[in-house]
Amino acid sequence: MKLSICTAALLVASASAFSPSSVSRSASSTSTSTAASSSALHLFGGGNKGEGEAKGPGMMDQLAMFKKAQEVASKKAELDKELQQTDIVGLAADDKVKVTVKYIPAQLPVNPNPGYDVAAIDIDEGYLADVACEDLSEALVEGIRAAENTATQMVAEKYQQLQNDMQEMLQGMQK
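Residues numbered from 1 in each chain as written. Predicted model: local features only at pLDDT ≥ 70, side-chain atom pairs only at ≥ 80, totals over all residues. Heavy atoms only, no water.

S.K.: I keep staring at the overall build of the chain and nothing clicks. Help me out?
M.R.: Helices and strands together make up the secondary structure of the chain, namely 5 helices and 3 strands. Counting helices and strands in the order they occur from the N terminus, the chain gives α-α-α-β-β-β-α-α. A total of 175 residues make up the chain; the buried ones form 15% of that total. Contacts spanning at least 24 positions in sequence make up 47% of the contacts within the chain whose residues lie at least 6 apart. For the chain, the accessible area works out to roughly 13,000 Å², and carbon and sulfur atoms hold 57% of it. (Helix = DSSP H or I, 4+ residues; strand = E, 2+ residues; numbered from the N terminus. Buried < 20%, exposed > 50% of the residue type's maximum accessible area, 1.4 Å probe, protein only. Contact = heavy atoms within 4.5 Å. Areas by Shrake-Rupley, 256 points an atom, 1.4 Å probe, with all protein chains shown as cover.)

S.K.: Where do I start with the pairing of strand 1 (residues 88–92) in this structure?
M.R.: Every other side chain in a regular strand lies on the same face of the sheet, so the side chains alternate between the two faces. Along strand 1, the buried face is formed by I88, G90 and A92; none of V89 and L91, which line the opposite face, is buried. Of the pairings in the sheet, the one linking strand 1 to strand 2 (residues 97–104) comprises 5 bridges and is antiparallel in character. Note that in strand 2 the partner of A92 across the bridge is V97. Adjacent in sequence and paired antiparallel, strand 1 and strand 2 are bridged by 4 residues, among which A93 carries a positive phi angle near 50°. (Pairing = 2+ DSSP bridges.)

S.K.: How do you make sense of unusual backbone geometry when you look at a structure like this?
M.R.: Generally, phi is negative for residues other than glycine and the peptide bonds are trans, each holding for most cases. You will see that A93, though not glycine, has its phi angle at about 50°, which is positive. Position of A93 relative to the elements: it lies in the loop between strand 1 and strand 2. In this structure, D94 is a non-glycine residue whose phi angle is positive, near 55°. Along the chain, the position of D94 falls in the loop between strand 1 and strand 2. When its relative accessible area of 71% is taken as the criterion, D94 is described as exposed.

S.K.: Can you help me understand the pairing of strand 2 in this one?
M.R.: As judged from the 8 bridges shared by strand 2 and strand 3 (residues 115–123), these two strands associate in the antiparallel manner. Residue pairing in the sheet places Y103 in a bridge with Y116 of strand 3.

S.K.: What am I meant to see in the sheet that holds strand 1 here?
M.R.: The pairing of strands in a sheet comes from backbone hydrogen bonds and takes either a parallel or an antiparallel form. The sheet built from 3 strands is open, its strands ordered 1-2-3 with antiparallel pairing. Where the open sheet ends on each side, the last strands, each with one partner, are strand 1 and strand 3. Recorded for the sheet is a direction-independent mean angle of 25° between the axes of neighbouring strands. (Axes fitted to C-alpha atoms, helices over the stretch in contact; angles between N-to-C directions.)

S.K.: In this structure, what is going on with the packing of aromatic side chains? I would like to understand it.
M.R.: Any two aromatic rings considered together are summarised by their centre-to-centre distance and by the angle between their planes. Under the defined criterion, the tally for this structure stands at 1 aromatic pair. Judged by centre distance (6.1 Å) and plane angle (55°), the rings of Y103 and Y116 are tilted. Remark: Y116 occurs in strand 3 and Y103 occurs in strand 2; sequence separation between them is 13 residues. Look at Y103 and you get buried, because its relative accessible area is 3%. Overall, Y116 belongs to the partly exposed group, its relative accessible area being 25%. (Phe/Tyr/Trp six-rings, centres within 6.5 Å; stacked < 30°, edge-to-face > 60°.)

S.K.: Is there a simple way to think about the environment of G90 in this case?
M.R.: Mapping G90 onto the fold places it in strand 1. According to the relative accessible area criterion, G90 is buried, its value standing at 1%. If we ignore the near neighbours within four places in the chain, the residues touching G90 are V97, K98, V99, G143, A146 and A147.

S.K.: Would you take a moment to explain the side chain of D80 for this structure?
M.R.: One can find D80 in helix 3 (residues 59–85). D80 sits in the buried class, given a relative accessible area of 9%. Setting aside anything within four residues of it in sequence, one finds D80 in contact with Y103, P105 and Y159.

Don't take any of this as a statement about function, it's just geometry.
See below:
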């Protein structure tokens, strides 16, 4: 008998935890219920706001922002793929040394920095027969640096276009 009364009392107490808040609760539970009802009212950006209060982003606005972020990520992936397939050429020694590099996009989070890989080196045969080893070495370094500088400028221009697209999207969402 005692066990069934204790069990019944425990069930009633735990069931009241799932019931709507009442006015007779303590001050700490009232502030919790106010916060819970506030978030419930503003789930989709609604709620009663005064004239001076700004409307915060609701769930629908966040979904729209998430879709825009997915669009930007797919544009970045396409851009990286396009840059990866592009041959970027650097010239040295009066165009007698031609160095071709390939863009390697950043591989997050392992390697957050993009890189360049030398894909080909073409050296004029007449130049190769007459040049000293030190001069050839300097020309190769100069050609690689020229190719990397060209690649860096090309990547910066492409990413600037992506940044402009992102700014246009953000301005469109704020309207």
